[in-house]
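These are the residues of each chain, in order.
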Amino acid sequence: MILQRNLRRVCEYAECAQRVLAVGTADGLLHAATHVIDGGPSDAAASPLDPHNRRRSMPATWTEADICVTPWPYPDKYFDFSFCSHVLEDVRDPLAVLREISRVSRAGYIETPSRARESFVAASHPRLAAWLGRKPAVGFANHRWYVENVEGQFRFLAKTAETTASPDYVLSRRELGRDLTEDESGLGVFWSNRIDGREVVFSNPREVGYELRGFKQRILYRLRSSDRRLQHLGDARAA
């Protein structure tokens, strides 16, 4: 689901814009969008994300297409705002989609699961499960990519059997001591002018292991530090 803290801002931008493109409808149809490009037909649209808005898109402004096939049938900078939520992590070529979003739009909002959420394992004892031959699900089984945004650039790491092979590479509820919050589970980025990305590729398994172990340690440190700050704040208020 889209981060609720960002949905209101998305709607404010989209409602004021003359032309708005929704890229995919996996997370729901944005009624404020005037145009849609999606792999399914307009009559199969998902439930609205903004039911308070009148639906602006019509069959004539709905393009049923493989969004990884470019170029899209729109001129450069045709749209004032674009919306792409929980799509990039699913598609086979997110860089192609990202380039087209940047080409046809002046500004927009992109959301994916955070890399922490895509690395999260609900099983309490993933090592034991793996040892017993019951490999726990890592993040969302249907997703192809881990996604991060570093200094304004989207970075995509392929989610493969290799990158999910070891408990050393994933976050578990037992290690963190809790589930992830909504804000920790989503990556939402508002952008303007242009947006770009790159695929993270490693030349050998050692590099993969180094990167994944390093990410796990960094994210655990950040989340635990946040928990400690909240605990200190709660203690100070109670005193």
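Now for a quick tour of the structure. (Residues numbered from 1 in each chain as written. Predicted model: local features only at pLDDT ≥ 70, side-chain atom pairs only at ≥ 80, totals over all residues. Heavy atoms only, no water.)

## Regarding the overall build of the protein chain
Here comes step 1: Within the protein chain one finds seven helices and 11 strands.
Here comes step 2: When each of the 239 residues of the protein chain is scored for burial, the buried share is 49%.
Here comes step 3: Partitioning the intrachain contacts of the protein chain with sequence separation of at least 6 by distance along the chain shows that 72% fall at a separation of at least 24.
Here comes step 4: Total accessible area on the protein chain is roughly 12,600 Å²; 51% of this is exposed by carbon and sulfur atoms. (Helix = DSSP H or I, 4+ residues; strand = E, 2+ residues; numbered from the N terminus. Buried < 20%, exposed > 50% of the residue type's maximum accessible area, 1.4 Å probe, protein only. Contact = heavy atoms within 4.5 Å. Areas by Shrake-Rupley, 256 points an atom, 1.4 Å probe, with all protein chains shown as cover.)

## Some points on the sheet that holds strand E10 (residues 186-192)
Here comes step 1: Pairing is mixed in the open sheet, where six strands are placed in the order E3-E2-E1-E4-E5-E10. Either end of the sheet is taken by a strand with one partner, and the two such strands are strand E3 (62-64) and E10. Neighbour to neighbour, the strand axes of the sheet diverge by 15° on average, direction disregarded.
Here comes step 2: Across three bridges, the pairing between strand E2 (residues 35-38) and E3 is parallel. Bridge pairing in E3 places isoleucine 37 opposite threonine 63.
Here comes step 3: Sheet contacts for helix H1 (residues 4-16): strand E1 (20-23), strand E4 (81-85), strand E5 (107-113) and E10; angle to E10, the most-contacted strand, approximately 25°.
Here comes step 4: Contacts between helix H2 (residues 94-104) and the sheet are confined to E1, E4, E5 and E10, with E1 contributing the most and set at about 175° to the helix. (Pairing = 2+ DSSP bridges. Axes fitted to C-alpha atoms, helices over the stretch in contact; angles between N-to-C directions.)

## Let's talk about the pattern of salt bridges
Pairs can form between side chains of opposite charge once their charged atoms are near each other.
Here comes step 1: Summed over the entire model, instances satisfying the criterion amount to 15 salt bridges.
Here comes step 2: Ionic pairing is found between aspartate 80 and arginine 106, a salt bridge with its closest N-O pair at 3.2 Å. On the criterion of sequence distance, the pair formed by aspartate 80 in the loop between E3 and E4 and arginine 106 in the loop between H2 and E5 is long-range, its members being 26 residues apart.
Here comes step 3: For arginine 106, a relative accessible area of 41% puts it in the partly exposed group.
Here comes step 4: A single network of salt bridges, built from pairs that share partners, joins Arg115, Glu148, Glu211 and Arg218. (Salt bridge = Lys/Arg side-chain N within 4 Å of Asp/Glu carboxyl O.)

## Re the sheet that holds strand E11 (residues 196-200)
Here comes step 1: Read from one edge of the open sheet, three strands run E7-E8-E11, paired in mixed fashion. Strands at the two margins of the open sheet, each flanked by one partner only, are strand E7 (145-150) and E11. Strand-to-strand, the axes of this sheet are offset by a mean angle of 25°, without reference to chain direction.
Here comes step 2: In the packing of H2 onto the sheet, contacts are made with E7, strand E8 (153-158) and E11, and the angle to E11 comes to roughly 170°.

## Considering the pairing of E8
Here comes step 1: Bridging between E7 and E8 involves six bridges; their strand directions are antiparallel. From the neighbouring strand, tryptophan 145 faces E8, where its bridge partner is alanine 158.
Here comes step 2: Between E7 and E8, which pair antiparallel and follow one another directly, the connecting turn spans two residues, one of which, glutamate 151, has a positive phi of 55°.
Here comes step 3: Taken together, the five bridges between E8 and E11 define a ladder with parallel strand orientation.

## Remarks on the environment of serine 47
Here comes step 1: Here serine 47 lies in the loop between E2 and E3.
Here comes step 2: C-alpha separation for the pair serine 47 and threonine 25, spaced 22 residues apart in sequence, amounts to 9.0 Å.
Here comes step 3: Ignoring sequence-local partners within four residues, the contact set of serine 47 consists of Gly28 and Leu29.

## Re the nonpolar core
Inside soluble globular proteins, nonpolar side chains tend to come together where they are buried.
Here comes step 1: Core analysis: the biggest nonpolar cluster contains 26 residues, and Val23, Trp72, Val97, Ile110 and Phe154 have the highest contact counts within it.
Here comes step 2: Elements with a contribution of two residues or more to this core: E1, H2, E7, E8 and E10.
Here comes step 3: Ignoring sequence-local partners within four residues, the contact set of tryptophan 72 consists of Leu21, Val23, Ile37, Ile67, Val97, Glu100, Ile101, Arg103 and Val104.
Here comes step 4: Counting 20 residues, the second-largest nonpolar core is a separate cluster that includes Ala17, Val20, Ala22 and Ala33. (Core = buried A, V, L, I, M, F, W, Y, C linked by side-chain atoms within 4.5 Å.)

## Structural notes on H1
Here comes step 1: Between its terminal C-alpha atoms H1 stretches 19 Å, which fits the 18 Å expected from 13 residues at 1.5 Å a residue.
Here comes step 2: Turning to H1, the residues buried within the fold contact E1, E4, E5 and E10. (Expected span 1.5 Å × (residues − 1).)

## Some words on the packing of aromatic side chains
The way to describe two aromatic rings as a pair is by their centre distance and the angle between their planes.
Here comes step 1: Counted according to the given criterion, the structure contains eight aromatic pairs.
Here comes step 2: An angle of 45° between the planes, with centres 4.5 Å apart, marks the rings of tyrosine 109 and phenylalanine 190 as tilted. Taken together, the positions of tyrosine 109 in strand E5 and phenylalanine 190 in strand E10 put the pair 81 residues apart, joining distant regions of the chain.
Here comes step 3: You can call tyrosine 109 buried: its relative accessible area is 0%.
Here comes step 4: On the basis of an interplanar angle of 20° and a centroid distance of 6.4 Å, the ring pair of phenylalanine 154 and phenylalanine 156 is categorised as stacked.
Here comes step 5: The class of phenylalanine 156 is buried, set by a relative accessible area of 0%.
Here comes step 6: An aromatic cluster of at least three residues, connected via ring pairs, comprises Tyr13, Phe81, Phe83, Tyr109 and Phe190.
Here comes step 7: Across from the ring centre of phenylalanine 190, 3.9 Å away, lies the NZ or CZ of arginine 9, which sits over that ring.
Here comes step 8: Taking NZ or CZ as reference, arginine 115 lies 4.0 Å from the ring centre of phenylalanine 215, over its face. (Phe/Tyr/Trp six-rings, centres within 6.5 Å; stacked < 30°, edge-to-face > 60°. Lys NZ or Arg CZ within 6 Å of the ring centre and 35° of its normal.)

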